[in-house]
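If you want the building blocks of each chain, they are given just below.
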Amino acid sequence: MTEALGKGLLDDGKGMTGLSQSVGPLALRRLSPTLGLEITGQALNEAVRSLSTETLNALLAEHGFLLFPGQTLDEATQAAFAACLGKVRSEGATPRIRYVSNRPVDDAVAILPKGAMDLHVDQCFAEHPNKATLLYGLEIPSKGGATRFADAVAAYAALPRGTQALLSGLDVLQAYGGSETTRTATLDANTATWRHPSVIKHPVSGHALLFVNRLMTRTLVGLPEEESNALLAELFSHLEQPRFRYDHQWRQGDLLVWDNLRLQHGRAEFETSQSRVLRRLTIEGGKVERFVQVPGDQTPGELTDVSQQPQS
Ligand SMILES: O=C(O)CCC(=O)C(=O)O
């Protein structure tokens, strides 16, 4: 139902890049063959009246991220829009607003100030990872600082069947600690961790997705340490290939909304002498479900099939 809705709005049957279409007063444009939909033509609060919550979520599942450029949003307007997508993460009755910022923003909480950030999934180290993230661009450096994405659904589908089969029985330990931005050899003693399946079912599309990311996935549970490290390194490189990636170069006034399970995200390096200030809200997710593979319905890819290699 939701996929059909998303497709119905833009599908020409040819998977064309850059295909544009009007839906009432809104102009919709694909940003790449598989990822990203730009929605223009109206201020956000009017756009929300044109697009129901169901349609917004269907578009998000279909395109991975939605871009609403040229917006002027205060905290309340951004939070009201977030509420159209699901349950906003809150602190008591107040939406949890954070500024991803390298300078203080009044008395608000500023996080993740500097430098490149490895790909990750927000809150994958907790029982219920977030469903979606909304970032709004307030101050943008002249160079660098793109938000980087990798499509974990496409990456899974491109794995060889043997690797898919191996992963289907494995869990991963997700953890966040040590460094906020890059993978470290060791973790802090008080690091938050959660064990999840290594391949999960997307709650909206039902697609399998690779639930392994460079910043937060520490081990494939049950494999010897060396084997786990080697396979994880291979999976990280597989996910980060250009064919699964998209970088969003920010402009002031962009509102970006992404599906936190299908897309892993991170950040490119930027010149920290310039301000980079983004306002962030997140949408709560639910229970994570293991993907159960139906034999024969995935296309094999090019990753070395580790399950076929002799054990040392
Ligand atoms: O700064 C960015 O582009 C991404 C920040 C981030 O990882 C997050 O908001 O979860």
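About the thresholds
- Residues numbered from 1 in each chain as written.
- Predicted model: local features only at pLDDT ≥ 70, side-chain atom pairs only at ≥ 80, totals over all residues.
- Helix = DSSP H or I, 4+ residues; strand = E, 2+ residues; numbered from the N terminus.
- Buried ≥ 20, exposed ≤ 12 C-beta atoms within 10 Å, placed from the backbone.
- Contact = placed C-beta atoms within 7 Å.
- Core = buried A, V, L, I, M, F, W, Y, C linked by C-beta atoms within 7 Å.
- Pairing = 2+ DSSP bridges.
- Axes fitted to C-alpha atoms, helices over the stretch in contact; angles between N-to-C directions.
- Arc of directions from axis to C-beta.
- pLDDT = per-residue confidence, 0-100.
- Expected span 1.5 Å × (residues − 1).

Focus: the overall build of the chain
If you tally the helices and strands in the chain, you get seven helices and 20 strands. Going through the 312 residues of the chain one by one, you find that 38% of them count as buried. Relative to all contacts within the chain whose residues are 6 or more apart in sequence, the contacts with residues 24 or more apart total 77%.

Some details on the nonpolar core
Judged by nonpolar contacts, the single largest core of 70 residues is most densely connected at Ala152, Ala155, Tyr156, Leu209, Leu210 and Val257. For Ala152, the contacting residues outside a window of four places in its chain are Leu209, Leu210, Leu239, Arg262, Leu263 and Gln264.

A few points about unusual backbone geometry
Phi angles above zero are rare outside glycine, and Asp106 is one such case at about 45°. Mapped onto the fold, Asp106 is located in the loop between β7 (98-101) and β8 (110-111). We note that Gln123 has phi near 65°; this positive angle belongs to a residue other than glycine. Within the fold, Gln123 resides in the loop between β9 (117-120) and β10 (132-139).

What about the sheet that holds strand β13 (residues 192-197)?
Read across the open sheet, the three strands follow the order β13-β12-β16; overall the sheet is antiparallel. If you trace the sheet from one side to the other, it starts and ends with β13 and β16 (217-221), each paired once. Neighbouring strand axes in the sheet, compared pairwise and without regard to direction, differ in orientation by 25° on average. Both strand β12 (residues 171-176) and β16 contribute to a ladder of four bridges, which runs antiparallel. If you follow Asp171 over to β16, its bridge partner there is Val221.

Focus on helix α4 (residues 75-83)
By the burial criterion, the buried members of α4 are Gln78, Phe81 and Ala82. Looking straight down α4, one finds its buried side chains confined to an arc of 105°; they lie on one side. Considering only its buried residues, α4 is in contact with α2 (44-50), β6 (94-95), β10 and β20 (277-283).

Quick notes on the pairing of strand β19 (residues 263-267)
Most of β19 is tucked away, with five of its five residues classed as buried. The two faces of β19 match: Leu263, His265 and Arg267 on one face and Gln264 and Gly266 on the other face are all buried. As judged from the two bridges shared by β9 and β19, these two strands associate in the antiparallel manner. Across the sheet, residue Met117 finds its bridge partner in β19, namely Arg267.

Notes on the confidence of the model for the chain
Across the chain, pLDDT averages 88, with 88% of residues at or above 70. Low pLDDT, under 50, characterises residues 12-18; the predicted model gives this stretch seven contacts beyond four residues in sequence or across chains. Between residues 299-312, whose pLDDT stays under 50, and residues either more than four places distant or in other chains, the model counts 24 contacts.

Quick notes on the sheet that holds strand β3 (residues 37-40)
Spatial strand order, β1-β2-β3-β4-β18-β10-β20-β7-β8: nine strands in an open sheet with mixed pairing. If you trace the sheet from one side to the other, it starts and ends with β1 (20-23) and β8, each paired once. As defined by bridge partners, strand β2 (residues 26-30) adjoins β3 across four bridges and the pair is classed as antiparallel. Its bridge partner being in β3, Leu28 is matched across the sheet by Ile39. Across the face of the sheet, helix α3 (residues 53-63) comes into contact with β3, β4 (65-68), β10 and β18 (255-259) while running at roughly 115° to β4. Its contacts with the sheet put α4 on β10 and β20, and the angle it makes with β20 is roughly 30°.

What about the environment of Gln249?
Among the structural elements, Gln249 can be located in the loop between β17 (245-248) and β18. With 102 residues separating them in the primary sequence, Gln249 and Thr147 have C-alpha atoms 6.9 Å apart.

A word on helix α7 (residues 225-239)
Three- or four-residue spacings in an α-helix give side chains the same orientation, since the helix completes a turn every 3.6 residues. A rise of 1.5 Å per residue sets the reference length of α7, with its 15 residues, at 21 Å; its end C-alpha atoms lie 21 Å apart and thus fit the reference within 8%. Restricting attention to buried positions, one finds in α7 the residues Leu231, Leu232, Leu235, His238 and Leu239. Axial view of α7: buried residues confined to an arc of 120°, hence all on one face. Exposed positions of α7 whose direction lies more than 90 degrees from the buried face are Glu225, Glu226, Ala233 and Ser237. Looking at the buried positions of α7, the neighbouring elements they touch are β9, β11 (147-151), α5 (152-157), β15 (208-210), β16 and β19.

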